[in-house]
Amino acid sequence: MSTTVKPSGSWRVPQRRLRSLAVASTAATLALGLVACSGGPASTNAVEGGGGKTSIETTLAFTLSSGFDPGNASSAVATAVNQHIFEGLIDLDPVTREPYRALAKEDPVASADGLTYTVAVRDGAKFSDGTPVTAEDVAWSFTRVLKPADPKAPPLMQGFVSFIDSVTAKDATTAEFKLKYPFALFSERISVIKILPKAKTADAAASKAFDTAPIGSGPFKMDSASKESGIKLSKNPNYSGPRPAKVETMTWNTTSEASARVSDLQGGRVQAIESVPYLNVDSLKDKYTVDVKQAFNQVFLMFNSSAAPFNDKRVRQALHYAINKDEVIKTALNGYGTAATSYLDEGNKDYQKAATVYDYNLEKAKSLLQEAGVSNLKFQLDTTDNSAVKDVAPLVIEQWKKIGVTATLNTVPSSAIYGDIVPKDTFRVLMATGDPSVFGVDTDLLMRWFFYGETWPGLRYRWNATDRKAMADLLDKAAQTSDEAARKALWKQALDKVADEVPLYPILHTKVVTAYDPAKLSDFSGAATTGLYFLGSSRKG
């Protein structure tokens, strides 16, 4: 089955949050290496903006917590920035999730056996520093992810492109891909690898510098950024692609304080904000456009599956059965969420209901704990400081008391969670949010983020080797299956396995709410994922 890639189309489509999967090791580098902009008020990490019709100002819901190297960047802010400053050969529209040609001159061309693809770079493509984009840059951008200098520290994107064996420059402008097996989702999947200049990332020292001062071929270039001060972007004068910048500059303020974001919008300081507090939706509707979209973004529980008693899946299951999800959604999210009936959200085109669904069942929860020989269970519930998690966690802790479980709450930023708390042997249970749909929405990609490779299964929730191998085998087999029905059946097995084992599993899928001023912003729509995206957007009024 081939994927038809559409040329660039209209950005404004009223359809279709990562909480930050922070790469904590880069946090200190960011604090020192990024060029800080002038500070804003105490409630908002803000930069001095105000460019009238030549500028867009916005306030994001997260602070910067990772670098920008697209092979590893996964924080909410960095991934949103990267969508504006980098390009893949093929990119996915952040709103519609449809693939379109970005750096690619034409659609990828497959060989008869589906094991070789060729892709030509569009004519005149240049990086923001004025150097041309070549096929060698394309080959290098994939190779550094597929075969990193340190195999023990694979880039986060590696698992998404494991079907690729090698990428080489066939000539100055044409890259050739050799696949390990035919992969039906090739065209849209290569969007996860952004193309960057080989000359700027050829060794470890250069890559480290690039992580804080990125150069891409996208419509914007990054002028400055810091955790404290936010982001400044400007129009890339060398951009020649299908979605040119329609403003000269962008100012991205950042804050996790919901009230500060709302104040920024109502005070006219910005034209758009993400992660609108659910209680503020109705009050904003009169003057602003409020986009409400069901998202894959999930509030999940993750366990140290190698530590007793959480190495017994019955204990993990019991904690899920003890949660009254409908009550949590109503009370904590004001109704802006959906109880999880699968790892996938019900809005996903490939959604399949899991064989195990954790409906509210206190007796079942108590019975499972009894079967596992566990009583008077006490542990620390670590959580990120995401606003939805901070609202959900206290309610869940109260509900667990009904089955004799006592949890104490420990809330810290994502960078501390994944950099300090989770790696320690003392870690037991985490509640956080996660949304790999920022990279794509097909089942293979979404499953691989949390259940394939080392980062999550091995280092974070410590799933046993047998289960990890079984999951990897299922996903690999599905990826190699050309028949769509057979592939979906294998995905169902994978979805059922994680629903039964619940080493990491959603409690609920949230709805993403974005608000913007239609009198000041044109051709903009909120995305059903983390971040705000202004490709093709312009100012007015």
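The numbers attached to residues start from 1 for each chain and follow its sequence in the written order. Reporting in this predicted model follows two pLDDT cut-offs: at least 70 for local features of residues, and 80 or more for side-chain atom pairs to be given and counted; totals over whole chains, interfaces and linings ignore these cut-offs and use all residues. The side-chain numbers reported here are obtained from all heavy atoms of the structure, hydrogens and water having been left aside.

K.L.:
What is the right way to look at the overall build of the chain in this model?
P.N.:
Numbering of helices and strands starts at the N terminus; helices are DSSP runs of H or I of at least 4 residues and strands are runs of E of at least 2. For the chain, the count of helices and strands is 16 helices and 19 strands. Only the C-alpha atoms count toward the radius of gyration. The rule for a globule is 2.2 Å times the residue count to the power 0.38. Rg of the C-alpha trace for the chain: 23 Å, near the compact-globule value of 24 Å for 541 residues, within the 12% margin. C-alpha extents for the chain along the principal axes are approximately 65 × 60 × 40 Å. Burial status across the chain gives 60% buried among its 541 residues. Surface exposure of the chain reaches about 19800 Å², of which carbon and sulfur atoms provide 50%. Each charge sign in the chain was given a centre, from 62 positive and 59 negative side chains, and these centres are 1 Å apart. For every residue, the accessible area (1.4 Å probe, protein chains only) is compared with the maximum for its type, and the residue is labelled buried under 20%, exposed over 50%, or partly exposed between those bounds. For accessible areas, the Shrake-Rupley method is used with a probe of radius 1.4 Å. Any residue's cover is judged against the shown protein chains and nothing else. As used throughout, the charge tally considers Lys and Arg to be positive and Asp and Glu to be negative, leaving His and the chain termini uncounted. Think of each charge as sitting on NZ of Lys, CZ of Arg, CG of Asp or CD of Glu.

K.L.:
Help me understand the packing of aromatic side chains in this model?
P.N.:
The description of two aromatic rings rests on the distance between their centres and on the angle between their planes. For this analysis, a ring pair means two rings from Phe, Tyr or Trp (six-membered ring only for Trp) whose centres lie within 6.5 Å, classed as stacked if their planes differ by under 30 degrees, edge-to-face if by over 60, and tilted for the remaining angles. Taken as a whole and assessed by the stated rule, the structure comprises 29 aromatic pairs. Here Phe160 and Phe439 contribute two aromatic rings whose centre-to-centre distance is 5.9 Å and whose plane-to-plane angle is 50 degrees, an arrangement assigned as tilted. Of this pair, Phe160 sits in the loop between helix H3 (135-146) and strand S6 (164-169) while Phe439 is found in the loop between strand S16 (429-434) and helix H13 (443-451), placing the two residues 279 residues apart along the sequence. On the basis of relative accessibility, which here comes to 12%, the residue Phe439 falls in the buried class. Ring centres of Tyr343 and Phe451 lie 5.1 Å apart, and the angle between their planes is 75 degrees; on these two criteria the pair is classed as edge-to-face. With Tyr343 in the loop between strand S13 (337-339) and helix H10 (362-371) and Phe451 in helix H13, the pair connects residues that are 108 residues apart, well separated along the chain. A relative accessible area of 0% means that Tyr343 is categorised as buried.

K.L.:
Hey, could you run me through the confidence of the model for the chain in this one?
P.N.:
Detailed reading of the predicted coordinates is not advisable wherever pLDDT falls low. Taken over all residues, the pLDDT of the chain has a mean of 89, while the share at 70 or more is 90%. The quantity known as pLDDT measures the predictor's confidence residue by residue, on a range of 0 to 100. Contact between two residues is taken to exist if any of their heavy atoms lie within 4.5 Å; hydrogens are not considered. pLDDT under 50 marks residues 1-43. Its contacts with residues more than four places away, or in other chains, come to 153 contacts.

K.L.:
Help me understand the pairing of strand S8 (residues 220-226), please; the structure alone is not making it clear to me.
P.N.:
On any regular strand, side chains alternate: one points to one face of the sheet, the next to the other face. Taken across its seven residues, S8 has five buried, putting it largely inside the fold. Strands are treated as partners if at least two bridges between them are detected by DSSP. As judged from the six bridges shared by S8 and strand S9 (residues 230-235), these two strands associate in the antiparallel manner. Bridge pairing in S9 places Phe220 opposite Lys235.

K.L.:
Help me understand the environment of Pro423 in this model?
P.N.:
Residue position: Pro423 is located in the loop between helix H12 (414-421) and S16. According to the relative accessible area criterion, Pro423 is partly exposed, its value standing at 44%. Distance in space between the C-alpha atoms of Pro423 and Ala202 is 30 Å, their sequence separation being 221 residues. Once residues within four sequence positions are removed from consideration, Pro423 is found in contact with Ile417, Tyr418 and Arg462.

K.L.:
Before we go on, may I ask you to explain unusual backbone geometry in this structure?
P.N.:
A cis amide bond, omega 0 degrees, links Ala308 with the succeeding residue Pro309. Mapping Pro309 onto the fold places it in the loop between strand S12 (289-303) and helix H8 (313-321). Phi is positive for Asn376, close to 50 degrees, though the residue is something other than glycine. Relative to the helices and strands, Asn376 resides in the loop between H10 and strand S14 (378-383). Its relative accessible area of 65% is what places Asn376 among the exposed residues. Not every positive phi belongs to a glycine, and Asp523 is a case in point at roughly 55 degrees. Following the sequence through the fold, Asp523 ends up in the loop between strand S18 (521-522) and strand S19 (538-539).

K.L.:
Is there a simple way to think about the sheet that holds strand S5 (residues 116-120) in this case?
P.N.:
Strands in a sheet are paired, the pairing made by backbone hydrogen bonds, and the direction either parallel or antiparallel. Pairing is antiparallel across the open sheet formed by four strands, whose spatial order is S4-S5-S7-S6. Single-partner strands in this sheet number two, and they are strand S4 (109-110) and S6. Sheet analysis places S6 next to strand S7 (residues 174-179), joined by five bridges and oriented antiparallel. The residue bridging Thr168 from the neighbouring strand is Glu176, located in S7.

K.L.:
So what exactly am I meant to see when it comes to H8 here?
P.N.:
An α-helix turns once every 3.6 residues. As a result, residues three or four positions apart point the same way. With respect to burial, H8 is a largely interior element, seven of its nine residues being buried. For H8, the full list of buried residues reads Val315, Arg316, Gln317, Ala318, Leu319, His320 and Tyr321.

K.L.:
Looking at this structure, how should I read the pattern of salt bridges?
P.N.:
Should the charged atoms of two oppositely charged side chains come close, the side chains can pair. A side-chain nitrogen of Lys or Arg and a carboxyl oxygen of Asp or Glu constitute a salt bridge if their distance falls within 4 Å. Going through the model one piece at a time under the given rule, you end up with 26 salt bridges. With its nearest N and O atoms 3.2 Å apart, the salt bridge here joins Asp264 to Arg269. Given a relative accessible area of 6%, Asp264 falls into the buried group. Taking relative accessible area as the criterion, Arg269 reaches 29% and is therefore assigned partly exposed.

K.L.:
Looking at this model, I keep getting lost on the side chain of His320. Mind explaining?
P.N.:
By the element assignment, His320 lies in helix H8. The exposure class of His320 is buried, given its relative accessible area of 0%. The contact partners of His320, leaving out residues within four places of it in the chain, are Leu301, Phe303, Tyr358, Val502, Tyr505, Pro506 and Ile507.

K.L.:
I'm lost on the packing of H8 against H10 in this one. Help?
P.N.:
If you want to describe how two helices pack, look at the angle between their axes and the distance between the axes. The N-to-C vectors of H8 and H10 enclose an angle of 160 degrees; their axes lie 8 Å apart at closest approach. Between H8 and H10, the angle is such that the two are roughly antiparallel. The two elements H8 and H10 cross, and the hand of that crossing is left-handed. Residues Arg314, Val315, Gln317, Ala318 and Tyr321 of H8 form the contact with H10, whose own contacting residues are Leu362, Lys364, Ala365, Leu368, Leu369 and Glu371. Lines fitted to C-alpha atoms define the axes here, with helix axes fitted over just the stretch in contact, and angles between the N-to-C directions of these axes take values from 0 to 180 degrees. Comment on the angle field: the value is read as roughly parallel under 35 degrees, roughly antiparallel over 145, roughly perpendicular from 65 to 115, and oblique elsewhere. The sense of a crossing depends on the near helix, which, turned anticlockwise from the far helix by less than a right angle, makes the crossing left-handed and, turned clockwise, makes it right-handed.

K.L.:
Would you take a moment to explain helix H5 (residues 204-212) for this structure?
P.N.:
Three or more residues of H5 are buried, namely Ser207, Phe210, Asp211 and Thr212. Put simply, Asp203 is the residue that caps the front of H5, since its side-chain oxygen is 3.2 Å from the backbone nitrogen of Ala205. Distance and chemistry together define a polar contact, namely a pair of N or O atoms within 3.5 Å, with one atom able to donate a hydrogen and the other to accept it when in protein, and with adjacent residues in sequence counting only for side-chain atoms on both sides.

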